[in-house]
Amino acid sequence: MATVELRFSAQPEHVRTARLVAAAVARRAGVDEAVLDEVRLAVGEACSRAVGMHRSHGIDSPVHVVLTEEEKLFSIEVGDGVPGSGGGAAAVPGVRGPAPDDDLDDGAEDEMGLAVISGLVDDVEVISGESGGVIRMTWPTTPSEVLP
């Protein structure tokens, strides 16, 4: 299992770098070329959401991205430092997560971002906790051919 970790300060200009890294690692992991644009867009949306939440809640900790290559599976986790930040997940079709949190100030924007992600990725899970939230997205990979 190969893992790449990326941490960046919650600045919008760093989201592009996260998208580029995600696409490069996904390609290397064996994600189908036709799906790479979806990977890029989903990571961009998840990172933009995390950056926006950090900035609106005054969180100074970095956004955390973990890219993991497993056998037949590639996953990306985008984590933020906002407690209970996965709250709107249950309101978005196709997203597994906890029930909506009534205290979430930017609920409509949060749900919109999660809806975009769920439209791009078949397997999405949103987890929230006291230390922050995580959006976990997974894609199937095709095994690389071994040359004789």
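**As for the overall build of the chain**
1) Next: In terms of regular secondary structure, the chain is built from three helices and six strands.
2) Next: Listing the helices and strands of the chain from first to last along the sequence gives β-α-α-β-β-β-α-β-β.
3) Next: Across the 148 residues that make up the chain, the buried fraction comes to 43%.
4) Next: Summed over all atoms, the accessible surface of the chain reaches about 8,000 Å², with 51% contributed by carbon and sulfur.

**What to know about the layout of surface pockets**
1) Next: Considering only enclosed or pocket space, the largest pocket measures out at about 160 Å³ in volume.
2) Next: Those elements that provide at least two residues to the lining of the largest pocket are α3 (107-120) and β6 (132-140).
3) Next: For the lining of the largest pocket, the element with the highest residue contribution is β6, accounting for three residues.

**Quick notes on the packing of helix α1 (residues 15-29) against helix α2 (residues 36-57)**
In a packed pair of helices, the relevant descriptors are the angle between the two axes and the axis-to-axis distance.
1) Next: Contact geometry for α1 and α2: axes closest at 8 Å, N-to-C directions at 145°. In the crossing of α1 with α2, the sense of the turn from one axis to the other is right-handed. Between α1, through Val-15, Ala-18, Arg-19, Ala-22, Ala-23, Ala-26 and Arg-27, and α2, the contact on the second element is made entirely by Leu-36, Val-39, Arg-40, Val-43, Gly-44, Cys-47, Ser-48 and Val-51.
2) Next: Among the residues making up the contact of α1 with α2, the classes are represented as ten nonpolar, two polar and three charged.

**Some thoughts on empty space enclosed by the protein**
Rolled over the atoms, a probe sized like a water molecule indicates the empty space that remains.
1) Next: This model, assessed by the stated rule, comprises one cavity of 30 Å³ or more.
2) Next: Surrounding the largest cavity, Ala-2, Thr-3, Val-4, Val-25, Arg-28, Leu-67 and Glu-69 form its lining.
3) Next: Contributing elements (two or more residues each) for the lining of the largest cavity: β1 (2-8), α1 and β2 (63-70).
4) Next: Broken down by element, the lining of the largest cavity gets its largest block of residues, three residues, from β1.
5) Next: Residues that form the lining of the largest cavity fall into these classes: four nonpolar, one polar and two charged.

**A word on the pattern of salt bridges**
1) Next: One pass over the structure, following the stated rule, counts six salt bridges.
2) Next: In this structure, the salt-bridge partner of Arg-27 is Glu-33, at a minimum N-O distance of 3.0 Å.
3) Next: Judged by its relative accessible area of 43%, Arg-27 falls in the partly exposed class.
4) Next: Linking Arg-28 and Glu-69 is a salt bridge whose minimum nitrogen-to-oxygen distance equals 2.8 Å. Placement of the pair is Arg-28 in helix α1 and Glu-69 in strand β2, with a sequence separation of 41 residues.
5) Next: Owing to a relative accessible area of 22%, Glu-69 belongs among the partly exposed residues under this scheme.
6) Next: Through salt bridges that share partners, Glu-70, Glu-77 and Arg-136 make up one connected network.

**What about the pairing of β6?**
1) Next: Sheet analysis places strand β3 (residues 73-79) next to β6, joined by seven bridges and oriented antiparallel. Looking at the pairing, Leu-73 lines up with Pro-140 of β6.
2) Next: Sheet analysis places strand β5 (residues 123-129) next to β6, joined by seven bridges and oriented antiparallel. Counted as the bridge partner of Gly-129 is Gly-132 from β6.
3) Next: Once β5 ends, the chain turns through two residues before running back antiparallel as β6.

Analysis parameters
Residues numbered from 1 in each chain as written. Predicted model: local features only at pLDDT ≥ 70, side-chain atom pairs only at ≥ 80, totals over all residues. Heavy atoms only, no water. Helix = DSSP H or I, 4+ residues; strand = E, 2+ residues; numbered from the N terminus. Buried < 20%, exposed > 50% of the residue type's maximum accessible area, 1.4 Å probe, protein only. Areas by Shrake-Rupley, 256 points an atom, 1.4 Å probe, with all protein chains shown as cover. 1 Å grid on protein atoms, 1.4 Å probe; cavity = no way out; pocket = protein on both sides within 12 Å on 5 of 7 lines; lining within 4 Å. Points joined across faces, edges and corners; volume = space filled by probe spheres on them. Axes fitted to C-alpha atoms, helices over the stretch in contact; angles between N-to-C directions. Left-handed = near helix turned anticlockwise from the far one by under 90°. Contact = heavy atoms within 4.5 Å. Nonpolar A, V, L, I, M, F, W, Y, C, P; charged D, E, K, R; others polar. Salt bridge = Lys/Arg side-chain N within 4 Å of Asp/Glu carboxyl O. Pairing = 2+ DSSP bridges.

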